[in-house]
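Here is what each chain is made of, one letter per residue.
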Amino acid sequence: MERKILILSCSTGEGHNSAANALKTALDERDILCEIADPIAFQSDKMKNVVSSLYNNMIKRTPAIFGAVYKLGDMYSSTKLPSPIYWANSKYANNLKKYILDNKFTSVICTHLYGMEAMTAIKKDKYFDIPCYAVLTDYTSIPFIDETKLDGYFVTHNEVKATLNSRGIPAKNIYVTGIPVNSKFTEHIDKTVARERLNISQEKKVFLIMTGGIGCENMLGLCDDLIRNLASDGVVYILVGRNEALKKELDRKYYNNTKLKTVSFTREVAQYMAAADVMISKPGGLSSTEAAVANVPLVHVNAIPGCETCNAKFFARKGMSMYAHNNMEAVKFANCIAHNKEKADKMRAMQRKYVDPNAAKIIIEKVMDL
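Remember, it's a predicted structure, so these values are computed and weren't measured experimentally.

J.: Please clarify how the packing of helix α1 (residues 14-29) against helix α16 (residues 359-369) should be interpreted in this entry.
T.: In a packed pair of helices, the relevant descriptors are the angle between the two axes and the axis-to-axis distance. Viewed as axis vectors pointing N to C, α1 and α16 meet at an angle of 65 degrees, and their least axial separation amounts to 9 Å. The crossing of α1 and α16 is right-handed. Taking contact as the criterion, the partners of Ala22, Leu23, Ala26, Leu27 and Glu29 in α1 are, on α16, Ala360, Lys361, Ile363 and Ile364. Here the residues of the contact of α1 with α16 sort into seven nonpolar, no polar and two charged.

J.: I'm lost on the side chain of Glu308 in this one. Help?
T.: Along the chain, the position of Glu308 falls in helix α13 (residues 307-317). Overall, the relative accessible area of 12% leaves Glu308 in the buried class. A polar contact is formed between the side chain of Glu308 and the side chain of Lys282, at a distance of 2.6 Å.

J.: Would you take a moment to explain the sheet that holds strand β7 (residues 205-210) for this structure?
T.: Strands in a sheet are paired, the pairing made by backbone hydrogen bonds, and the direction either parallel or antiparallel. The strand order β9-β8-β7-β10-β11-β12 describes an open sheet built from six strands, whose pairing is parallel. A single partner strand is all that each edge strand has here, and the edge strands are β9 (260-264) and β12 (322-323).

J.: For this particular structure, what's the right way to read the packing of aromatic side chains?
T.: Aromatic rings in a pair are described by how distant their centres are and how their planes are angled relative to each other. Taken as a whole, this structure holds eight aromatic pairs when the rule is applied. Between the aromatic rings of Tyr133 and Phe154, the centroid separation amounts to 6.0 Å while the plane-to-plane angle is 45 degrees, which identifies the pairing as tilted. Of this pair, Tyr133 sits in strand β4 (residues 132-135) while Phe154 sits in strand β5 (residues 152-155); the two residues are 21 residues apart in sequence, bridging distant segments of the chain. Here Tyr133 matches Phe154 in class, with each residue buried. Taken together, the ring pairs connect Phe42, Tyr99 and Phe105 into an aromatic cluster. Taking the ring centre of Phe105 as reference, the NZ or CZ of Lys4 above it sits at 4.9 Å. In this structure, Arg242 is placed above the aromatic ring of Phe265, and the distance from its NZ or CZ to the ring centre is 3.8 Å.

J.: Got a minute to help me understand the pairing of strand β8 (residues 234-241) in this structure?
T.: Remember that side chains alternate between the two faces of the sheet whenever the strand is regular. When you tally the buried positions in β8, you get seven out of eight residues, the bulk of the element. Here β7 runs beside β8; their pairing, made up of six bridges, is parallel. When the sheet's bridge partners are listed, Lys205 is paired in β8 with Gly234. Bridging between β8 and β9 involves five bridges; their strand directions are parallel. In the sheet register, Val236 faces β9, and the bridge partner there is Leu260. The β-α-β motif built from β8, the intervening helix α10 (residues 244-253) and the parallel element β9 has right-handed crossover chirality.

About the cut-offs
- Residues numbered from 1 in each chain as written.
- Predicted model: local features only at pLDDT ≥ 70, side-chain atom pairs only at ≥ 80, totals over all residues.
- Heavy atoms only, no water.
- Axes fitted to C-alpha atoms, helices over the stretch in contact; angles between N-to-C directions.
- Helix = DSSP H or I, 4+ residues; strand = E, 2+ residues; numbered from the N terminus.
- Left-handed = near helix turned anticlockwise from the far one by under 90°.
- Contact = heavy atoms within 4.5 Å.
- Nonpolar A, V, L, I, M, F, W, Y, C, P; charged D, E, K, R; others polar.
- Buried < 20%, exposed > 50% of the residue type's maximum accessible area, 1.4 Å probe, protein only.
- Polar contact = N/O pair within 3.5 Å; in protein donor to acceptor, adjacent residues only side chain to side chain.
- Pairing = 2+ DSSP bridges.
- Phe/Tyr/Trp six-rings, centres within 6.5 Å; stacked < 30°, edge-to-face > 60°.
- Lys NZ or Arg CZ within 6 Å of the ring centre and 35° of its normal.
- Right-handed = clockwise from strand over helix to strand, strands pointing away.

All we've got here are geometric facts, nothing functional implied.
Dropping the structure here:
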């Protein structure tokens, strides 16, 4: 039978989709048919858009509420009762099952909890024998993961494996692979070459800021603190993605400041990382992994309570980043790394030690073997 893989992701943050696309690239390289789908779309496109909008607005505007919800989720998981998350995703399970069977998929990979919950509901049908796997995209466990019943779990490190096992998931079904990232980040580009391509001065200390889900107010405050404390040889590049409102506000506020440059959505993120002396970012699981694979010294700041605080603590504990609890601390750490080659080199060495750049290929090989 011809192999055909369905990857279930969700647009609640870009990390899950980025991981899904990295897996698709690995499958494409092996000429294995695959498709990426949002599981909530099997309920309705309207619901998919509502869920995505609610999540992303909460992350940007009220991260404390997200943190409280995350904590409640952990508490609810300890009751061992079926969660509202499982109930909501089981509602479209029959539609999803029909799609899988009609299109003759041979395996399913989930990079988001919603897909994992829906597939758990589907696999209660004893006649459904298509294997399904979970890919965790943070350096910690997540609420409700223990109520999922899948054929395999791909996780970031042994600590997560131990946690999942303690929650009842068999150790033989848990594989330590790391988080899949786009192959662009594995191509180690010389700093001089990257700066030539991006027209960045070779003499400057380059501070790269990845905005991610950082709100406009936090970003303006971070820029103010960084510019005020920037050495004469420093320049700041801010990747704002598709947040044109943020770009407009930054350009208005710093329009005559040659030390700060904004960059709209770009496919050259890996090049900017290669060109940077230090990167400041939220501790998203995927973005942190991309930075570690690209081997750029890293400062974490503005962590959203929950997975991101766990990511930041893990990276700092392993020497792969410095974890700042406020903007001024982030500026202090970034300046320290940018002007201390020994510290920067040690951080890069720890990133190479603890993060596998080939996670996407390893996961696909394991899925094929299983």
